[in-house]
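Here's the letter readout for the chains.
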Amino acid sequence: MNKRVPLPEGFVRGKSYEYGIDVNLAPRGEEKIWQPLRRMFGYQPNETPTTSDSRTYDDLGAQNNSVDAWSFGASVSTHVNRSRTTGEYLPEIEALLDRIRPSALDEDAEIEIREYHKPAKGAPNLRDARQGYVTVARQRGQTGADGQTETWNWTFTGVGSATEIENPWGGWDGDAPLVSHVDPISGPAAELVTLRGTGFKDGLGAVLVTGADGVKFGGANAVDYTVVNATTIVALVPAGADGPAPITVKTVNGTSTARPFTRTA
């Protein structure tokens, strides 16, 4: 007899490689240029509470530490890839190196990063993501004489606290779109509905949802829709009978599984 406690339907095991880090290559104050940190492994986030002693007589001498703030940081390793032509490393690695040069002081030693859940399949956790400025430290990994793949170990230390962000992961290029969240889940014709998911744009930012039938409520096309980014669409509910009008999104890579929506008067 199988005595394992069952998981809810549709739940799967997480994998160690299902996380991503992006580095902002743009100068501070300019439009952000997010570049994924490529060939990374060994990602380990580090959230540390800053506490203060809040003990009173009521605690009878026991510890009572209140959390005043959260510090953040992470460690990660990367392979070292360089151009045979110029000798330069990948742009995101060059940006990190710029923060540890002897001339990098104060803000010049800081870089903005974001960290987020990045599943191999299925929907990302929308709340498992954060963003903030960090300082950078580096150590070499493989240093043996036997020609192992060169690796660098990076330590990111937060400058202040991180910002909670909605997960920016837009899915893998070529995958069919996925709608993971609908808000609201019911409403009348002409209601504005926000769809969250993946696969609405490709990795270069090109819109993949096109045509009048790109977003449908039941058998009817949305009155109008806007692809905000790779993870977000806003659409207007079309007219029709009250009742179920499941939402689907169609791209050049396929059509999403329908998500429930109820049209109301």
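What you see is a predicted model; the values in this text were computed from it and never measured.

## With respect to the packing of aromatic side chains
In step 1: In this structure the tally under the stated criterion is five aromatic pairs.
In step 2: Geometrically, the ring pair formed by tyrosine 19 and tyrosine 43 is tilted, given 5.5 Å between the ring centres and 40° between the ring planes. With tyrosine 19 in strand 1 (residues 19-24) and tyrosine 43 in strand 3 (residues 40-53), this residue pair connects regions lying 24 residues apart in the sequence.
In step 3: Among the residues examined, tyrosine 19 registers a relative accessible area of 30% and is labelled partly exposed.
In step 4: Here the aromatic rings of tryptophan 152 and tryptophan 154 are separated by 5.8 Å at their centres, their planes lie at 75°, and the arrangement is edge-to-face. You'll find tryptophan 152 and tryptophan 154 in the same group, each marked buried.

## Considerations on the sheet that holds strand 10 (residues 186-187)
In step 1: Taken in spatial order, the three strands make up an open sheet running 10-19-16, and their pairing is mixed. The two strands at the open ends of the sheet, each matched to only one other strand, are strand 10 and strand 16 (243-244).
In step 2: The sheet contact formed by strand 10 and strand 19 (residues 262-263) spans two bridges and is parallel. When the sheet's bridge partners are listed, glycine 187 is paired in strand 19 with arginine 263.

## A look at the nonpolar core
In step 1: Core analysis: the biggest nonpolar cluster contains 19 residues, and Leu96, Ile111, Trp154 and Phe156 have the highest contact counts within it.
In step 2: Put simply, the parts of the chain that give this core at least two residues each are strand 1, strand 4 (65-79), helix 1 (91-98), strand 5 (110-117), strand 6 (129-140) and strand 7 (151-158).
In step 3: Counting residues per element, this core draws most heavily on helix 1, at four residues.
In step 4: Phenylalanine 156 has contacts with Ile21, Gly73, Ala74, Val76, Leu96, Ile113, Val134, Thr135 and Val136, leaving out every residue within four places of it along the chain.
In step 5: Val215, Ile233, Ala245 and Ile247 belong to the second-largest nonpolar core, a separate cluster that totals 18 residues.

## Re the sheet that holds strand 15 (residues 232-236)
Paired through their backbone hydrogen bonds, the strands of a sheet run either parallel or antiparallel.
In step 1: Here we have four strands laid out as an open sheet, ordered 9-11-15-14, and antiparallel in their pairing. The outermost strands of the open sheet, each flanked by one partner alone, are strand 9 (178-183) and strand 14 (225-229). Adjacent strand axes in the sheet meet at a mean angle of 25° when their direction is disregarded.
In step 2: Bridge count for strand 9 against strand 11 (residues 192-198) is five bridges, and the pairing is antiparallel. Bridge pairing in strand 11 links histidine 181 to arginine 196.

## Comments concerning the pairing of strand 6
In step 1: Bridge count between strand 5 and strand 6: seven bridges; the pairing is antiparallel. Residue pairing for strand 6: arginine 114 is matched across the bridge by glutamine 131.
In step 2: Direction of pairing for strand 6 relative to strand 8 (residues 163-164): antiparallel, over a ladder of two bridges. When the bridges of strand 8 are listed, glutamine 131 appears paired with threonine 163.
In step 3: Here seven bridges tie strand 6 to strand 7, and the two strands are oriented antiparallel to one another. Counterpart to valine 136 in the pairing with strand 7 is phenylalanine 156.

Reading guide: rules and limits
Throughout this document, residue positions are counted from 1 along each chain, in the order its sequence is written. Only residues with pLDDT of at least 70 get local features here, since the model is predicted, and only at 80 or more are side-chain atom pairs given and counted; chain-wide, interface and lining totals rely on the full set of residues. Water and hydrogen atoms were dropped before computing side-chain values, which therefore reflect all heavy atoms in the structure. Stacked, edge-to-face and tilted labels apply to pairs of Phe, Tyr and Trp rings (six-membered ring for Trp) whose centres lie within 6.5 Å, assigned for plane angles under 30 degrees, over 60, and everything in between, in that order. Only DSSP runs of H or I with at least four residues qualify as helices, and only runs of E with at least two residues qualify as strands; both kinds are numbered from the N terminus onward. Per-residue accessibility, obtained with a 1.4 Å probe over protein chains only, is compared with the maximum for each type, and a residue is labelled buried under 20%, exposed over 50%, and partly exposed between these values. Paired strands are those between which DSSP finds at least two bridges. Here, the term nonpolar core denotes a set of buried Ala, Val, Leu, Ile, Met, Phe, Trp, Tyr and Cys residues that are joined through side-chain atoms within 4.5 Å. Throughout, a residue-residue contact means that at least one pair of heavy atoms, one from each residue, lies within 4.5 Å. Only the contacting stretch of a helix is used when fitting its axis, a line to C-alpha atoms as for every element, and angles between N-to-C directions run 0 to 180 degrees.

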